[in-house]
Every structure is written in C-alpha cells, then in structure tokens.
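Reading the structure
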Amino acid sequence: MSGVYSRTWYDDTCVSPSEQSTQQIQKNFEFCIIGGGLAGLSCAYHLAKMGASVVLLEKSAIGAGASGRNGGFCSAGWAANTSQINRMIGKNNCIEFEELGLEGLSWMRQRAFSPQYSKAEAVNGVISLGLTKNLPEKSEIITQKNLEQFVRGPRYRWGIIDKSAFHFHPLNFLRIFAGEVKKIGVKIIDYVGDVQIDTANVRTSSGTDFRCNRIIWATGGYGLESNSVLKNLVLPIQTFICVTSPMGDILDEYIPTNMALGDDRRAGNYFRRLSDGRLLWGMGVSAMRQKSSQQIRLMGWKNIKAHFPNMVQDMEKDRIVIDYAWSGLMAYASHFLPVVGQISDRELTLCGFGGHGMNTAPIVGKKMAMFLNGNLKSLDLFSIIPKRKTFGLLGRLAAEIEYRRLSFLDMVNERY
Ligand SMILES: Cc1cc2nc3c(=O)[nH]c(=O)nc-3n(C[C@H](O)[C@H](O)[C@H](O)COP(=O)(O)OP(=O)(O)OC[C@H]3O[C@@H](n4cnc5c(N)ncnc54)[C@H](O)[C@@H]3O)c2cc1C
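Notes on the structure in this doc start here. (Residues numbered from 1 in each chain as written. Predicted model: local features only at pLDDT ≥ 70, side-chain atom pairs only at ≥ 80, totals over all residues.)

From N to C terminus, the protein chain includes 13 helices and 17 strands. For the protein chain, whose C-alpha radius of gyration is 21 Å, the value lies close to the compact-globule estimate of 22 Å for 416 residues. Put simply, the protein chain has 416 residues, and 46% of those count as buried. Intrachain contacts of the protein chain at a sequence separation of at least 6 include 76% that bridge at least 24 residues. (Helix = DSSP H or I, 4+ residues; strand = E, 2+ residues; numbered from the N terminus. Rg over C-alpha atoms; globule rule 2.2 N^0.38 Å. Buried ≥ 20, exposed ≤ 12 C-beta atoms within 10 Å, placed from the backbone. Contact = placed C-beta atoms within 7 Å.)

In this section: the packing of helix α2 (residues 38-49) against helix α11 (residues 357-372). Where α2 meets α11, the axes come as close as 7 Å, and the angle between the chain directions of the two elements is 35°. For α2 against α11, the interelement crossing comes out right-handed. Residues Leu-38, Ala-39, Ser-42, Cys-43, His-46 and Leu-47 of α2 lie in contact with α11, whose contacting residues are Gly-357, Ala-361, Pro-362, Val-364, Gly-365, Lys-366, Met-368, Ala-369 and Leu-372. Of the residues that constitute the contact of α2 with α11, the class distribution is 10 nonpolar, four polar and one charged. (Axes fitted to C-alpha atoms, helices over the stretch in contact; angles between N-to-C directions. Left-handed = near helix turned anticlockwise from the far one by under 90°. Nonpolar A, V, L, I, M, F, W, Y, C, P; charged D, E, K, R; others polar.)

Around the ligand there are 45 residues in total, and Gly-37, Gly-220, Gly-223, Gly-328 and Gly-357 lie nearest to it. Of all the elements in the fold, those that place two or more residues in the shell around the ligand are α2, β3 (73-74), β11 (235-244), β15 (322-332) and α11. Of the residues that constitute the shell around the ligand, the class distribution is 19 nonpolar, 22 polar and four charged. (Near = placed C-beta within 6 Å.)

Let us now look at the environment of Cys-94. Inspection of the secondary structure puts Cys-94 in helix α4 (residues 91-112). Between the alpha carbons of Cys-94 and Pro-246 there is a distance of 43 Å; along the sequence they are 152 residues apart. In this view, Cys-94 contacts Thr-82, Ile-85, Asn-86 and Ile-89; residues no more than four positions away in its chain are not counted.

This part covers the nonpolar core. Core analysis: the biggest nonpolar cluster contains 119 residues, and Cys-32, Ala-44, Ile-216 and Leu-350 have the highest contact counts within it. Setting aside anything within four residues of it in sequence, one finds Cys-32 in contact with Val-55, Leu-57, Val-202, Phe-210, Cys-212 and Ile-215. (Core = buried A, V, L, I, M, F, W, Y, C linked by C-beta atoms within 7 Å.)

This part is about the pairing of β15. The buried fraction of β15 amounts to 10 of the 11 residues, a majority that puts the element mostly inside the structure. Alignment of β11 against β15, held across 10 bridges, turns out to be antiparallel. In the sheet register, Val-243 faces β15, and the bridge partner there is Tyr-324. (Pairing = 2+ DSSP bridges.)

Glancing now at helix α9 (residues 293-307). Residues lying three or four places apart along an α-helix face the same way, a consequence of the helix completing one turn every 3.6 residues. Relative to the 21 Å expected for 15 residues at 1.5 Å per residue, α9 spans 21 Å between its end C-alpha atoms, a close match to the ideal helical length. Every buried residue of α9 is accounted for by Ser-293, Ile-296, Arg-297, Gly-300, Ile-304 and His-307. When α9 is viewed along its axis, its buried side chains cluster within an angular range of 105° and face the same direction. In α9, those exposed residues whose orientation departs by more than 90 degrees from the buried face are Gln-294, Lys-302 and Ala-306. For α9, the secondary structure elements touched by its buried residues are β11, β14 (279-286), α10 (309-317) and β15. (Expected span 1.5 Å × (residues − 1). Arc of directions from axis to C-beta.)

Both strand β1 (residues 28-34) and strand β10 (residues 209-217) contribute to a ladder of six bridges, which runs parallel. The residue of β10 that forms the bridge with Ile-33 is Ile-216. Pairing of strand β9 (residues 201-203) with β10, which is carried by three bridges, proceeds in the antiparallel orientation. Along β10, the bridge assignment pairs Asn-201 with Arg-211. Joining the antiparallel neighbours β9 and β10 is a turn of five residues, in which Gly-207 adopts a positive phi near 95°. Across three bridges, the pairing between β10 and strand β17 (residues 347-351) is parallel. Within the sheet, the bridge partner assigned to Ile-216 lies in β17 and is Leu-348.

A word on unusual backbone geometry. Located in the positive-phi region is Arg-319, a residue other than glycine, with phi close to 55°. For Arg-319, the location among the structural elements is in the loop between α10 and β15. One non-glycine residue, Phe-336, adopts positive backbone phi at about 70°. Topologically, Phe-336 is positioned in the loop between β15 and β16 (339-342).

What follows is about the packing of α4 against α11. Contact geometry for α4 and α11: axes closest at 8 Å, N-to-C directions at 95°. Classified by the angle their axes make, α4 and α11 are roughly perpendicular. In this structure, α4 uses Leu-100, Gly-101, Glu-103, Gly-104, Leu-105, Trp-107 and Met-108 to contact α11, whose residues at the interface are Met-358, Asn-359, Thr-360, Pro-362 and Ile-363. Here the contact of α4 with α11 is composed, by residue class, of seven nonpolar, four polar and one charged. (Parallel < 35°, antiparallel > 145°, perpendicular 65-115°, else oblique.)

What follows covers the environment of Asp-323. Inspection of the secondary structure puts Asp-323 in strand β15. Accessibility expressed as a C-beta count within 10 Å gives 14 for Asp-323, which makes it partly exposed. Along the chain, Asp-323 and Val-15 lie 308 residues apart, while their C-alpha atoms are 20 Å from each other. In contact with Asp-323, other than residues within four places in its own chain, are Val-243, Thr-244 and Ser-245.

Put into structure tokens, the structure is as follows:
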C-alpha cells in the first residue's frame, strides 16, 4: 500500500470531526473552495467572516492531505529560504514576505495555545541542530557540550532554540478549526470525490451541482490532476514520517526535551516526542516513485540508527518497533514559492506551500479572502512571483536529481 494514503498516528489519536448543522442544502454560493486543507479552510473562514456565502468541497476527509499528516512543526519562514526569496522578488518584497510568514505564525499560535485548541497539544520550542562544523553567527548558539541537556546523539555539533516556534497535533488542529469554519456558516462537504467544472457549475462525483461566482483551488499536492493549469505550475513531492511504539524511559535518556528538533540538512531529518511516549521521525523527499509503508519503515529505522546508534541498541533490547510509517504530498513550484492568484476569469489558485505550510497556508488563505472581498492589493506580493512551468515528468526527474545532488553535498559538508 502506498504511504501517501496509509493510516497515520494522527488518525488514531484524533478528536471526532464536528457535525454540520443539517440545514437544507443550498446550491448557490458566491465562492466555492476546492480542498479541505489548512489553505482552503482558512480562506473559507475569512471569507465567511467578511459575510460571503461559501461552500468548501473536499475530495476525501478534512485534513486527509498534507495538513493533517505532517510533522507538526510551526515556525516563521517559507519553503524557500531568504536568499531564494530575495533573488526571486527583490529585497523590499522579501522583507514584506518574511513579515507575512511571521504573521502566519502568530495567527497559528493564537489558536493553537487557546483552551479551545487544547487537543492540538501545542508545545513551545523548536531546536535547529547542526550536523556541520559551520557555526552560524548567532549569539544564542548552544555548543555541543551544552546540547546534551536537550539531545544526546554523537553527530549533533551545535543547536539554536527558536522559542517562537512550536509543535502540535496538526489533524486535531484542523478538525477543531473546521468546527469553527462550519459554525460561522461555511458549508463543508467532504468525500465528494473528484469535482468537475463547467462554465456555470461545479459538479461533484455524486452528481450534485453548485453554482458559484468564483472557484478557489486549494488542492495542495493531492489534486493536481484535476486542474490542467495548476498541473503545469506545481509538482507533487513526497516526504516521509515514521512513529515508533511507546519508548518508555529511553527517550528521557537520549532526547530529554519536549521541544521539537530538526537538523540543518536541506531536506533534513526532524523529530519530536509525542504525547503518548512515542518518537515521531520525519525525513527525505522524493519526486518520483511512491514508497510503500514497509520501505518507509526501513528508511526510518536506518535514519534513526545513523543519528542515535546507542538509542537504537536500547530500542532493539526493549523490542521497540516502528508502528506507523506514512508519506504525504507537498505542492512545490520550481522556485519553491506559492502559486497564488487568478488563473482564469472565474478560477484562482491557492497552492504551493511546499514543506512549510503550517504558518504560510493560513495567512495566504486570509490574504486570498481579502482579495476576493475587494481588497485587490492584498495579493500584490504574489502577483510578482513568476508562474513557471514545471514540465511534468521531466520536472520531477530534475527535482529528484537536484535533491540527490544536495544530499551528496550535505554528506560531504558533514564529513569535512
Ligand atoms: C509528510 C509531511 C510533513 C510535513 N511537515 C511539515 C511541518 O512540520 N511543518 C510545516 O509547516 N509544513 C509541513 N509540511 C507541509 C504542509 O503540510 C503543507 O504545506 C500544507 O499542509 C499545505 O496545505 P494545503 O491546504 O495547501 O494542502 P493540503 O493540506 O494537501 O490540502 C489539500 C486538500 O485538497 C483536497 N483535494 C485535492 N484535490 C481535490 C479535488 N479535485 N476536489 C476536492 N478536494 C481535493 C485533498 O484531499 C486535500 O485534503 C509537511 C508536508 C508533508 C506531506
């Protein structure tokens, strides 16, 4: 079975979805949002708050895509780093962009740490770990010796704590948020299968037609086949997660912190302790073939062992195994920046948040809602990002080769 759809630890520990009030199904809406991830839900929420009538159609379950099966890290920034953004849109726009990322983080923090979201289990702090000798020029750096109070793996040479970042249960967050979205009047319809669009209607696979003035594609990396324009602008890229069985006190010995941690590789490893004593380990990307759960399990074990050899010996003694292994699809444009804005008279895209969507998708969803509500300047920052073709299979092949090249460079940097 492909890991992209396999069951996750989040699925087994999540709150029930909230019920929609059973009013008669209305068929005319101002806006139809396609995709029930964080981007689509945020756009729907903000539009409804502005008084619009909105229907949100989700192919599967709310949060079945990347938003409900990711690493659960939320920090400032974007999938592209500052120098990439600078190069693409210039220094002043880059500053504005970074501020927007921060605004997204603060929007998420406000919710995640509120009593209503307690089941999202938000925990403060993310530590960046250095595998290379190059110490960043930052005063708050933790040296290798002091790092031991947070993590005891022989390869980590330094660390930096980001106190504004946090980690959380993304599926619970999404379900609680979907409850809020329904409460303010958005009609959410899940399990609609694939949708079709003609000049007047949006039709679900069960044959229900909706009339909408504007259609917003918030389909992430999961729905690119349904939209021929989007398909040429973003690529679906896989990434992988494993979760162990409960580890008893082994984690206190090797990872004695409740903060989340991630290394400084380009598509690095990241890990965190979960509320029931398990370890979540995220790693790698692939633009090509999907991996089975068993392949992801093996890859996860190998990765954990490479960074925590002694811990894995203890795990083997205590018969700790990998209970869950899954992958998910991220949507990446070739420049790593989101693809947001008009793609035809009636259709807009809200897509391409890559591996950094937990702060960016909700805040860009809000900007999209402001744009649709008549504030046409609110998407100016995105209109200057070029819409580049990704060239399908060729583009995926190029992405795979580039990932392997960067992984090789990481390996060389860590050694010398
Ligand atoms: C394994 C993994 C780990 C990650 N870790 C992190 C992390 O720790 N921190 C972070 O910030 N980001 C992380 N990301 C990235 C982040 O999850 C995404 O950027 C973000 O969730 C994108 O949100 P979205 O709403 O655009 O897309 P999605 O959440 O993928 O939502 C799109 C939705 O659209 C639906 N859909 C698709 N096509 C159709 C259609 N035709 N009709 C109806 N519905 C449709 C899908 O079913 C899906 O529910 C990770 C991603 C993955 C896959």
